Amino acid sequence: MALYTVFGGRGFIGSEIVSQLQAQGHSTFVPARDDTSLLERELGIVLYCAGNGDCKNTPFSVLEANVSLLAQLLQHAKFERLLYVSSTRVYMNQASANEQANLTVCVDDNRRLFNLTKLVAEELCLKSGRNVCIVRPSNVYGVALNSPLFLPAITRNAINHGKVDMYIAKDYAKDYVSVQDVASSCISIASTDQCHNQTINVAAGYNITAKQIADVLQEHTQCEIIWHEIDFPNESFPTTELTSIKNIIPSYHPRNVLVDLQEMITEFTKVLRAN
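Analysis parameters
Within any chain, residue numbers begin from 1 and follow the written order of that chain's sequence. Owing to the predicted nature of the model, reporting of local features is limited to residues with pLDDT of at least 70; listing and counting of side-chain atom pairs is limited to 80 or more, with chain, interface and lining totals taken over all residues. By convention in this description, side-chain values take in all heavy atoms of the structure and omit both hydrogens and water. Note on conventions: DSSP H or I runs of at least 4 residues are helices, E runs of at least 2 residues are strands, and numbering of each starts at the N terminus. Think of it in three bands: residues with accessible area under 20% of the maximum for their type are buried, residues over 50% are exposed, and the middle band is partly exposed, with areas taken using a 1.4 Å probe on protein chains only. Two strands pair under a simple rule: DSSP has to find at least two bridges between them. Each axis is a line fitted through C-alpha atoms, and for a helix only the stretch in contact is used; angles between axes span 0 to 180 degrees, taken between their N-to-C directions. In what follows, residue pairs with any heavy atoms lying within 4.5 Å of each other are defined as contacts.

Participant: Would you mind going over unusual backbone geometry with me for this structure?
Facilitator: It is generally the case that most residues other than glycine have a negative phi and that most peptide bonds are trans. Even without being a glycine, Asn-197 presents a positive backbone phi close to 60°. As for its placement among the helices and strands, Asn-197 is situated in the loop between helix H5 (179-190) and strand E10 (199-202). A relative accessible area of 34% places Asn-197 in the partly exposed class. One non-glycine residue, Gln-222, lies in the positive phi region at around 60°. Relative to the elements of secondary structure, Gln-222 occurs in the loop between helix H6 (210-221) and strand E12 (224-227). Judged by relative accessible area, which is 61%, Gln-222 ranks as exposed.

Below you can see the structure in the form of structure tokens.
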């Protein structure tokens, strides 16, 4: 059994990775913040899931989490291999979501700092001379009852209040990928040496609109969907290319968010009504 060090191992993606690794019998180390031993001890296989996306309120924390600590590890840490978790948000408003596509940063994107730091981190990985790989997950969702994420939150509102406020356009579409699929893919990719210096998308491979999600909620909870007319952000996402991950993991078959949403509604309804 191998040693895996998971940065951000108490977060949404990282905690699922730790859970799956432990279920497989591996040793896991989740560093605490400001752990002074990081550059002295053997870290084994590193999965870097730490990150921050609050560009408005904590811009320097975004830089620290997405880039600064990673740079120290790449220069000084003792590890066998490192996997960096980036994001398919770097494809926003681009013509293609292929890992080799040219990318631009949008001037009118109020979270462009996030994209910039992710791209800087990716480039540091590739230029470090270390054994590294990069994954770009799409919009990661989970089905935990108390999760603050978008899907669990609107599902709770539909069941508890009989209505859901939607502050996005009906045709707003994104790729959604299950945290379980992201975690298992990250483990598989990090555990093989064939992905050296590669960038790999982890996604469903198709976009789902806000209206499709609303329709499932309405059908299974009879809730009211309230669409709010606001100034919608200029965001569009091309279909995410999955050729690379399917070459590495031939059995890769991600879950469907609309199917999971139906299961979430059933499970949440049982628990919430019991309470």
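Now, onward.
Participant: How should I be thinking about the sheet that holds strand E5 (residues 132-137) in this particular structure?
Facilitator: Within a beta sheet, neighbouring strands are joined by backbone hydrogen bonds and run either parallel or antiparallel to one another. Strands sit in the order E2-E1-E3-E4-E5-E10 across an open sheet of 6 strands; the sheet is parallel. What marks the edges here is a single partner per strand, and that holds for strand E2 (27-29) and E10. For this sheet, the mean inter-axis angle between neighbouring strands, taken without regard to orientation, is 20°. Inspection of the sheet shows strand E3 (residues 45-48) paired to strand E4 (residues 81-85) by 4 bridges, in the parallel sense. In the strand pairing of E4, Leu-47 is matched with Leu-83. Where helix H1 (residues 12-23) meets the sheet, its contacts fall on strand E1 (3-7), E2 and E3, and the angle it forms with E1 comes to roughly 165°. Contacting E4 and E5, helix H3 (residues 112-127) crosses the sheet at an angle of about 155° to E5.

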